[in-house]
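# Per-entry structural report
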Amino acid sequence: MSTLSISTQFDSGSIEVVSLADHRDIQLKIKPDNASEFAQWFHFRLQGAAGLPVCLRFLNAGNSAYPDWRAYRVVASYDRQHWFRIPTEFDGQVMSASVTPVSNSLYFAYFEPYSHERHLDLLGFAADSDKVEIEHLGKTLDGRDMDLLRITDSESNTPEAQRKKVWLIARQHPGETMAEWFVEGFLERLLDGDDPTSRVLLDKCVFYVVPNMNPDGAVRGNLRTNAAGANLNREWQNPTLTRSPEVFLVREKMLATGVDLFLDAHGDEAQPYNFVAGCEGNPGYSDRLHRLENAFKDAWQVASPDFQDVHGYEKDEPGQANLTLATNWVGQQFDCLAYTIEMPFKDNANLPDEEYGWSGERSKKFGASVLQAILAVVDRTR
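Not measured: the values here are computed from a predicted model.

Definitions and limits used
- Residues numbered from 1 in each chain as written.
- Predicted model: local features only at pLDDT ≥ 70, side-chain atom pairs only at ≥ 80, totals over all residues.
- Heavy atoms only, no water.
- Pairing = 2+ DSSP bridges.
- Helix = DSSP H or I, 4+ residues; strand = E, 2+ residues; numbered from the N terminus.
- Buried < 20%, exposed > 50% of the residue type's maximum accessible area, 1.4 Å probe, protein only.
- Contact = heavy atoms within 4.5 Å.
- Axes fitted to C-alpha atoms, helices over the stretch in contact; angles between N-to-C directions.
- Parallel < 35°, antiparallel > 145°, perpendicular 65-115°, else oblique.
- Left-handed = near helix turned anticlockwise from the far one by under 90°.
- Nonpolar A, V, L, I, M, F, W, Y, C, P; charged D, E, K, R; others polar.
- Expected span 1.5 Å × (residues − 1).
- Phe/Tyr/Trp six-rings, centres within 6.5 Å; stacked < 30°, edge-to-face > 60°.

### Comments concerning the sheet that holds strand β7 (residues 84–85)
Strand order across the open sheet formed by five strands is β1-β4-β10-β6-β7, with antiparallel pairing between neighbours. Two strands bound the open sheet, and with one partner strand each, they are β1 (5–7) and β7. Bridge count between β1 and strand β4 (residues 43–47): three bridges; the pairing is antiparallel. When the sheet's bridge partners are listed, Ser7 is paired in β4 with Arg45.

In C-alpha coordinates form, the structure reads like this:
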(Lines give C-alpha, C1' and ligand atoms only; values in the text may rest on other atoms or scores of the structure.)
Protein backbone atom coordinates (compact mmCIF):
# COMPACT_ATOMS: atom_id res chain seq x y z
CA MET A 1 0.00 0.00 0.00
CA SER A 2 1.27 3.47 -0.88
CA THR A 3 1.91 5.94 1.91
CA LEU A 4 -0.71 8.66 1.95
CA SER A 5 0.42 12.27 1.69
CA ILE A 6 -1.25 15.66 1.33
CA SER A 7 0.37 18.75 -0.18
CA THR A 8 -0.67 22.41 -0.47
CA GLN A 9 2.50 24.05 -1.77
CA PHE A 10 0.91 25.46 -4.90
CA ASP A 11 -1.22 28.41 -5.95
CA SER A 12 -4.17 28.78 -3.51
CA GLY A 13 -3.26 25.60 -1.61
CA SER A 14 -4.63 25.48 1.94
CA ILE A 15 -5.49 22.79 4.51
CA GLU A 16 -4.23 21.57 7.89
CA VAL A 17 -3.62 17.83 8.18
CA VAL A 18 -4.53 16.32 11.54
CA SER A 19 -4.20 12.61 10.69
CA LEU A 20 -3.42 10.43 7.67
CA ALA A 21 -3.26 7.20 9.67
CA ASP A 22 -6.41 5.70 8.13
CA HIS A 23 -7.62 6.31 4.56
CA ARG A 24 -11.17 5.81 5.82
CA ASP A 25 -10.70 8.62 8.34
CA ILE A 26 -8.41 11.34 6.96
CA GLN A 27 -8.72 14.13 9.50
CA LEU A 28 -8.33 17.73 8.34
CA LYS A 29 -8.93 21.29 9.50
CA ILE A 30 -9.79 24.27 7.33
CA LYS A 31 -7.17 26.98 7.77
CA PRO A 32 -8.02 30.66 8.28
CA ASP A 33 -6.88 33.40 5.92
CA ASN A 34 -3.26 34.38 6.48
CA ALA A 35 -4.04 37.55 8.48
CA SER A 36 -7.67 37.14 9.58
CA GLU A 37 -10.01 34.64 11.21
CA PHE A 38 -12.05 33.83 8.07
CA ALA A 39 -11.75 30.06 7.57
CA GLN A 40 -13.58 28.49 4.63
CA TRP A 41 -11.36 27.95 1.58
CA PHE A 42 -9.45 24.69 1.07
CA HIS A 43 -7.44 23.30 -1.82
CA PHE A 44 -5.06 20.35 -1.52
CA ARG A 45 -3.66 17.28 -3.26
CA LEU A 46 -3.98 13.74 -1.92
CA GLN A 47 -1.44 11.17 -3.11
CA GLY A 48 -1.19 7.42 -2.65
CA ALA A 49 -4.88 6.50 -2.38
CA ALA A 50 -5.58 4.80 -5.72
CA GLY A 51 -8.29 2.17 -5.29
CA LEU A 52 -8.82 2.98 -1.62
CA PRO A 53 -12.18 4.12 -0.24
CA VAL A 54 -11.28 7.52 1.15
CA CYS A 55 -13.21 9.57 3.68
CA LEU A 56 -12.06 13.16 4.21
CA ARG A 57 -13.27 14.58 7.53
CA PHE A 58 -13.12 18.37 7.96
CA LEU A 59 -13.22 18.48 11.75
CA ASN A 60 -13.82 22.24 12.18
CA ALA A 61 -16.34 22.80 9.38
CA GLY A 62 -18.99 23.76 11.92
CA ASN A 63 -16.74 26.57 13.17
CA SER A 64 -15.99 27.99 9.71
CA ALA A 65 -16.83 31.53 8.67
CA TYR A 66 -20.00 30.33 6.91
CA PRO A 67 -20.94 27.03 8.58
CA ASP A 68 -24.05 26.23 6.52
CA TRP A 69 -22.56 23.29 4.59
CA ARG A 70 -25.94 21.66 3.93
CA ALA A 71 -26.34 20.66 0.26
CA TYR A 72 -22.68 21.49 -0.38
CA ARG A 73 -20.43 18.94 -2.12
CA VAL A 74 -16.62 19.04 -2.32
CA VAL A 75 -15.11 19.39 -5.81
CA ALA A 76 -12.31 17.09 -7.01
CA SER A 77 -10.07 16.74 -10.06
CA TYR A 78 -7.38 14.40 -11.36
CA ASP A 79 -6.00 16.77 -13.99
CA ARG A 80 -6.89 20.22 -12.54
CA GLN A 81 -8.88 20.90 -15.71
CA HIS A 82 -12.06 18.89 -15.13
CA TRP A 83 -13.65 19.20 -11.69
CA PHE A 84 -16.53 17.10 -10.41
CA ARG A 85 -18.50 16.85 -7.18
CA ILE A 86 -18.15 14.02 -4.68
CA PRO A 87 -20.62 12.80 -2.02
CA THR A 88 -20.47 15.07 1.02
CA GLU A 89 -22.27 15.02 4.38
CA PHE A 90 -22.41 17.49 7.28
CA ASP A 91 -23.49 16.62 10.82
CA GLY A 92 -23.43 20.14 12.19
CA GLN A 93 -19.74 20.11 13.10
CA VAL A 94 -17.81 17.68 10.88
CA MET A 95 -18.05 17.66 7.10
CA SER A 96 -17.24 14.30 5.50
CA ALA A 97 -16.52 13.69 1.81
CA SER A 98 -16.10 10.24 0.26
CA VAL A 99 -14.43 9.00 -2.92
CA THR A 100 -12.41 6.05 -4.20
CA PRO A 101 -9.63 7.57 -6.32
CA VAL A 102 -8.79 5.83 -9.58
CA SER A 103 -5.24 7.19 -9.52
CA ASN A 104 -2.67 8.11 -6.90
CA SER A 105 -3.10 11.85 -7.38
CA LEU A 106 -6.37 13.66 -6.71
CA TYR A 107 -7.01 17.34 -5.98
CA PHE A 108 -9.80 18.67 -3.78
CA ALA A 109 -11.09 22.23 -3.38
CA TYR A 110 -13.93 24.30 -1.97
CA PHE A 111 -14.78 25.41 -5.52
CA GLU A 112 -13.14 25.02 -8.90
CA PRO A 113 -9.91 27.05 -8.53
CA TYR A 114 -8.94 29.92 -10.83
CA SER A 115 -5.15 30.08 -10.75
CA HIS A 116 -2.94 33.13 -11.09
CA GLU A 117 -1.48 31.59 -14.26
CA ARG A 118 -4.96 31.35 -15.75
CA HIS A 119 -5.55 34.95 -14.68
CA LEU A 120 -2.44 35.99 -16.61
CA ASP A 121 -3.57 33.91 -19.59
CA LEU A 122 -6.93 35.69 -19.48
CA LEU A 123 -5.17 39.05 -19.63
CA GLY A 124 -3.12 37.78 -22.56
CA PHE A 125 -6.22 36.58 -24.38
CA ALA A 126 -7.88 39.97 -23.95
CA ALA A 127 -4.77 41.93 -24.94
CA ASP A 128 -4.73 40.11 -28.27
CA SER A 129 -7.82 42.11 -29.29
CA ASP A 130 -7.43 45.52 -30.91
CA LYS A 131 -10.37 46.65 -28.77
CA VAL A 132 -8.47 46.16 -25.51
CA GLU A 133 -5.89 48.24 -23.68
CA ILE A 134 -4.31 46.88 -20.50
CA GLU A 135 -3.59 49.55 -17.93
CA HIS A 136 -1.26 48.96 -14.98
CA LEU A 137 -2.86 50.64 -11.97
CA GLY A 138 -0.16 49.79 -9.44
CA LYS A 139 1.02 47.01 -7.14
CA THR A 140 -0.50 44.92 -4.38
CA LEU A 141 1.14 44.48 -0.99
CA ASP A 142 2.85 41.30 -2.24
CA GLY A 143 4.05 43.14 -5.36
CA ARG A 144 1.57 41.70 -7.85
CA ASP A 145 0.16 43.79 -10.66
CA MET A 146 -3.25 45.41 -10.46
CA ASP A 147 -4.42 45.23 -14.06
CA LEU A 148 -7.36 46.99 -15.69
CA LEU A 149 -8.80 46.11 -19.10
CA ARG A 150 -10.22 49.06 -21.03
CA ILE A 151 -12.42 47.76 -23.86
CA THR A 152 -14.22 49.66 -26.61
CA ASP A 153 -14.49 49.91 -30.40
CA SER A 154 -11.97 52.56 -31.45
CA GLU A 155 -13.85 52.93 -34.74
CA SER A 156 -17.18 53.57 -33.04
CA ASN A 157 -19.49 56.19 -34.50
CA THR A 158 -20.34 57.29 -30.96
CA PRO A 159 -18.06 60.09 -29.68
CA GLU A 160 -16.03 58.75 -26.77
CA ALA A 161 -17.37 61.38 -24.39
CA GLN A 162 -20.88 60.04 -25.05
CA ARG A 163 -20.06 56.35 -24.55
CA LYS A 164 -21.39 54.86 -21.34
CA LYS A 165 -18.79 53.82 -18.75
CA VAL A 166 -19.48 50.22 -17.68
CA TRP A 167 -17.39 48.72 -14.87
CA LEU A 168 -17.05 45.05 -13.91
CA ILE A 169 -14.85 43.91 -11.02
CA ALA A 170 -14.44 40.43 -9.54
CA ARG A 171 -12.80 38.48 -6.71
CA GLN A 172 -12.68 41.12 -4.05
CA HIS A 173 -13.08 37.97 -1.98
CA PRO A 174 -10.38 35.77 -3.54
CA GLY A 175 -11.85 32.39 -2.65
CA GLU A 176 -14.97 33.24 -4.66
CA THR A 177 -13.33 31.89 -7.79
CA MET A 178 -16.61 31.60 -9.69
CA ALA A 179 -16.35 35.39 -10.02
CA GLU A 180 -13.31 35.22 -12.30
CA TRP A 181 -14.82 32.35 -14.27
CA PHE A 182 -17.76 34.74 -14.75
CA VAL A 183 -15.39 37.42 -16.07
CA GLU A 184 -13.77 34.94 -18.45
CA GLY A 185 -17.12 34.13 -20.04
CA PHE A 186 -18.02 37.83 -20.13
CA LEU A 187 -14.78 38.73 -21.93
CA GLU A 188 -14.96 35.85 -24.40
CA ARG A 189 -18.38 37.00 -25.55
CA LEU A 190 -17.60 40.73 -25.43
CA LEU A 191 -14.55 40.20 -27.66
CA ASP A 192 -16.36 37.91 -30.12
CA GLY A 193 -16.54 39.96 -33.32
CA ASP A 194 -19.37 37.78 -34.61
CA ASP A 195 -21.64 38.48 -31.63
CA PRO A 196 -24.14 41.25 -32.47
CA THR A 197 -24.84 42.09 -28.83
CA SER A 198 -21.14 42.65 -28.19
CA ARG A 199 -20.72 44.73 -31.33
CA VAL A 200 -23.53 47.06 -30.34
CA LEU A 201 -22.27 47.37 -26.76
CA LEU A 202 -18.71 48.14 -27.86
CA ASP A 203 -20.08 50.89 -30.07
CA LYS A 204 -22.07 52.42 -27.21
CA CYS A 205 -19.79 51.81 -24.22
CA VAL A 206 -16.32 51.82 -22.77
CA PHE A 207 -15.89 48.78 -20.52
CA TYR A 208 -13.50 48.81 -17.57
CA VAL A 209 -12.84 45.29 -16.26
CA VAL A 210 -10.75 44.21 -13.26
CA PRO A 211 -10.75 40.37 -13.46
CA ASN A 212 -9.10 39.87 -10.07
CA MET A 213 -9.28 42.56 -7.38
CA ASN A 214 -7.35 40.45 -4.88
CA PRO A 215 -4.48 38.50 -6.49
CA ASP A 216 -2.52 38.27 -3.23
CA GLY A 217 -5.39 36.65 -1.35
CA ALA A 218 -6.03 34.33 -4.28
CA VAL A 219 -2.48 32.97 -4.40
CA ARG A 220 -2.26 32.75 -0.59
CA GLY A 221 -5.39 30.57 -0.46
CA ASN A 222 -7.55 33.10 1.40
CA LEU A 223 -11.32 33.09 1.27
CA ARG A 224 -12.07 36.72 1.95
CA THR A 225 -9.07 38.97 2.63
CA ASN A 226 -5.90 40.38 1.11
CA ALA A 227 -2.33 39.98 2.37
CA ALA A 228 -2.93 42.50 5.18
CA GLY A 229 -6.13 40.83 6.34
CA ALA A 230 -8.38 43.50 4.83
CA ASN A 231 -11.82 42.52 3.57
CA LEU A 232 -11.70 44.61 0.41
CA ASN A 233 -15.48 44.84 0.20
CA ARG A 234 -15.48 46.83 3.43
CA GLU A 235 -12.80 49.31 2.34
CA TRP A 236 -14.52 51.51 -0.22
CA GLN A 237 -15.10 54.62 1.88
CA ASN A 238 -11.53 55.07 3.07
CA PRO A 239 -9.05 52.72 1.34
CA THR A 240 -5.32 53.20 1.91
CA LEU A 241 -2.21 52.13 0.04
CA THR A 242 -0.89 50.46 3.20
CA ARG A 243 -3.96 48.31 3.95
CA SER A 244 -6.10 48.07 0.81
CA PRO A 245 -4.15 49.32 -2.21
CA GLU A 246 -6.31 47.21 -4.53
CA VAL A 247 -9.41 49.25 -3.70
CA PHE A 248 -7.51 52.55 -3.50
CA LEU A 249 -6.11 52.14 -7.02
CA VAL A 250 -9.36 51.02 -8.64
CA ARG A 251 -11.38 53.69 -6.87
CA GLU A 252 -9.01 56.43 -8.07
CA LYS A 253 -9.45 55.22 -11.64
CA MET A 254 -13.23 55.23 -11.25
CA LEU A 255 -13.15 58.81 -10.01
CA ALA A 256 -11.14 59.71 -13.11
CA THR A 257 -13.40 57.94 -15.64
CA GLY A 258 -16.85 58.12 -14.10
CA VAL A 259 -19.28 55.18 -13.85
CA ASP A 260 -22.66 54.71 -15.54
CA LEU A 261 -23.16 51.03 -14.68
CA PHE A 262 -21.28 48.93 -12.12
CA LEU A 263 -21.19 45.17 -11.50
CA ASP A 264 -19.25 43.40 -8.74
CA ALA A 265 -19.06 39.59 -9.13
CA HIS A 266 -19.07 37.41 -5.99
CA GLY A 267 -19.99 33.98 -4.66
CA ASP A 268 -22.32 33.17 -1.76
CA GLU A 269 -21.50 30.34 0.61
CA ALA A 270 -25.04 29.56 1.79
CA GLN A 271 -27.64 30.30 -0.87
CA PRO A 272 -28.00 27.84 -3.79
CA TYR A 273 -29.09 30.49 -6.28
CA ASN A 274 -27.82 33.23 -8.57
CA PHE A 275 -29.08 36.69 -7.62
CA VAL A 276 -28.16 40.35 -7.36
CA ALA A 277 -28.05 42.85 -4.49
CA GLY A 278 -28.58 46.53 -5.20
CA CYS A 279 -28.45 49.93 -3.52
CA GLU A 280 -31.94 50.29 -2.06
CA GLY A 281 -30.53 51.51 1.25
CA ASN A 282 -28.40 54.30 -0.22
CA PRO A 283 -29.30 57.89 0.70
CA GLY A 284 -29.34 58.76 -3.01
CA TYR A 285 -31.49 55.84 -4.15
CA SER A 286 -34.25 57.05 -6.48
CA ASP A 287 -37.20 55.92 -8.56
CA ARG A 288 -34.95 56.18 -11.64
CA LEU A 289 -32.50 53.67 -10.17
CA HIS A 290 -35.37 51.43 -9.05
CA ARG A 291 -36.72 51.29 -12.60
CA LEU A 292 -33.23 50.57 -13.99
CA GLU A 293 -32.72 47.75 -11.48
CA ASN A 294 -36.02 46.12 -12.42
CA ALA A 295 -35.33 46.43 -16.15
CA PHE A 296 -31.88 44.90 -15.68
CA LYS A 297 -33.24 41.95 -13.70
CA ASP A 298 -36.11 41.35 -16.09
CA ALA A 299 -33.72 41.27 -19.06
CA TRP A 300 -31.30 38.92 -17.30
CA GLN A 301 -34.06 36.48 -16.42
CA VAL A 302 -34.96 36.32 -20.11
CA ALA A 303 -31.30 35.89 -21.12
CA SER A 304 -30.47 33.18 -18.57
CA PRO A 305 -32.75 30.78 -16.66
CA ASP A 306 -29.85 30.46 -14.20
CA PHE A 307 -30.76 33.93 -12.90
CA GLN A 308 -33.67 34.48 -10.49
CA ASP A 309 -35.04 37.25 -8.28
CA VAL A 310 -37.00 35.33 -5.62
CA HIS A 311 -34.16 34.31 -3.30
CA GLY A 312 -31.44 36.74 -2.19
CA TYR A 313 -30.39 39.10 0.58
CA GLU A 314 -32.79 41.20 2.61
CA LYS A 315 -32.88 44.75 1.29
CA ASP A 316 -31.46 47.54 3.43
CA GLU A 317 -33.89 50.03 4.90
CA PRO A 318 -33.82 53.46 3.20
CA GLY A 319 -30.71 55.39 4.19
CA GLN A 320 -29.22 52.43 6.08
CA ALA A 321 -26.82 51.04 3.46
CA ASN A 322 -23.25 50.22 4.44
CA LEU A 323 -21.27 52.56 2.20
CA THR A 324 -18.03 50.67 2.80
CA LEU A 325 -19.29 48.05 0.28
CA ALA A 326 -18.28 48.57 -3.33
CA THR A 327 -21.78 48.44 -4.81
CA ASN A 328 -23.20 50.87 -2.28
CA TRP A 329 -20.28 53.31 -2.49
CA VAL A 330 -20.20 53.30 -6.30
CA GLY A 331 -23.98 53.61 -6.58
CA GLN A 332 -24.00 56.56 -4.18
CA GLN A 333 -20.88 58.29 -5.54
CA PHE A 334 -21.91 58.13 -9.20
CA ASP A 335 -25.72 57.99 -8.88
CA CYS A 336 -25.65 54.93 -11.13
CA LEU A 337 -27.07 51.45 -11.48
CA ALA A 338 -24.84 49.27 -9.30
CA TYR A 339 -25.26 45.59 -8.49
CA THR A 340 -23.44 42.90 -6.55
CA ILE A 341 -23.74 39.60 -8.43
CA GLU A 342 -23.86 36.48 -6.26
CA MET A 343 -23.31 32.92 -7.49
CA PRO A 344 -23.45 29.73 -5.40
CA PHE A 345 -20.66 27.58 -4.06
CA LYS A 346 -23.20 24.75 -3.93
CA ASP A 347 -25.49 24.44 -6.96
CA ASN A 348 -28.33 26.35 -8.56
CA ALA A 349 -31.27 24.68 -6.85
CA ASN A 350 -33.53 25.75 -9.73
CA LEU A 351 -31.38 23.90 -12.30
CA PRO A 352 -29.29 21.37 -10.35
CA ASP A 353 -26.46 19.37 -11.88
CA GLU A 354 -25.73 16.15 -10.01
CA GLU A 355 -22.22 15.67 -11.42
CA TYR A 356 -20.83 19.20 -11.40
CA GLY A 357 -23.08 21.42 -9.29
CA TRP A 358 -22.45 25.09 -9.94
CA SER A 359 -19.13 25.14 -11.80
CA GLY A 360 -16.59 27.26 -13.59
CA GLU A 361 -18.15 26.48 -16.96
CA ARG A 362 -21.62 27.46 -15.79
CA SER A 363 -20.18 30.65 -14.30
CA LYS A 364 -18.64 31.47 -17.70
CA LYS A 365 -21.97 31.05 -19.48
CA PHE A 366 -23.64 33.15 -16.81
CA GLY A 367 -21.03 35.87 -17.35
CA ALA A 368 -21.68 35.84 -21.07
CA SER A 369 -25.43 36.14 -20.52
CA VAL A 370 -25.20 39.38 -18.52
CA LEU A 371 -24.37 41.28 -21.71
CA GLN A 372 -28.04 40.97 -22.67
CA ALA A 373 -29.07 42.69 -19.44
CA ILE A 374 -26.51 45.46 -19.96
CA LEU A 375 -27.78 46.03 -23.49
CA ALA A 376 -31.35 46.28 -22.20
CA VAL A 377 -30.59 49.23 -19.91
CA VAL A 378 -27.44 50.95 -21.19
CA ASP A 379 -29.28 53.65 -23.16
CA ARG A 380 -31.28 54.55 -20.07
CA THR A 381 -28.50 54.75 -17.50
CA ARG A 382 -28.48 58.57 -17.70
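### Quick word on the environment of Ala277
Tracing the backbone shows Ala277 in strand β16 (residues 275–277). Accessibility expressed as a relative area gives 18% for Ala277, which makes it buried. Distance in space between the C-alpha atoms of Ala277 and Glu314 is 8.7 Å, their sequence separation being 37 residues. Leave out the neighbours within four places in its chain, and Ala277 touches Tyr313, Thr327, Ala338, Tyr339 and Thr340.

### What to know about the packing of helix α2 (residues 178–190) against helix α8 (residues 360–377)
Direction vectors running N to C along α2 and α8 enclose 55°, while the axes themselves pass 7 Å from each other. When the interaxial angle is binned, α2 and α8 end up oblique. For the crossing formed where α2 meets α8, the hand is right-handed. Only Gly360, Ser363, Lys364, Phe366, Gly367, Ala368, Ser369, Val370, Leu371, Gln372 and Ile374 of α8 make contact with α2, whose side of the interface consists of Met178, Trp181, Phe182, Glu184, Gly185, Phe186, Glu188, Arg189 and Leu190. Along the lines of polarity and charge, the residues of the contact of α2 with α8 split into ten nonpolar, six polar and four charged.

### Comments concerning the packing of helix α1 (residues 116–127) against α2
At their nearest, the axes of α1 and α2 sit 11 Å apart, and the two run at 15° to each other. Considering the angle they form, α1 stands roughly parallel to α2. For the crossing formed where α1 meets α2, the hand is left-handed. Residues Arg118, His119, Leu122 and Phe125 of α1 form the contact with α2, whose participating residues are Glu180, Trp181, Val183, Glu184, Leu187 and Glu188.

### Examining the pairing of strand β17 (residues 337–344)
With eight of eight residues buried, β17 lies mostly within the body of the structure. What you see with β17 is no split at all: Leu337, Tyr339, Ile341 and Met343 on one side and Ala338, Thr340, Glu342 and Pro344 on the other are buried throughout. Where strand β15 (residues 261–268) and β17 come together, eight bridges link them in parallel fashion. Its bridge partner lying in β17, Phe262 is registered against Ala338. Here β16 runs beside β17; their pairing, made up of three bridges, is antiparallel. Bridge assignment links Ala277 to a residue of β17, and that residue is Thr340.

### Some words on α8
Over its 18 residues, α8 runs 27 Å from end to end, which matches the ideal 26 Å to within 8%, given 1.5 Å per residue. The buried count for α8 comes to 13 of 18 residues, which makes it a mostly enclosed element.

### Some details on the packing of aromatic side chains
Taken as a whole and assessed by the stated rule, the structure comprises 26 aromatic pairs. Aromatic pair Phe42 and Phe44: ring centres 6.3 Å apart, planes at 45°, arrangement tilted. Like Phe44, Phe42 is buried. Taken together, the aromatic side chains of Trp41, Phe42, Phe44, Phe58, Trp69, Tyr72, Phe108, Tyr110, Phe111 and Phe345 make up a single cluster linked through ring pairs.

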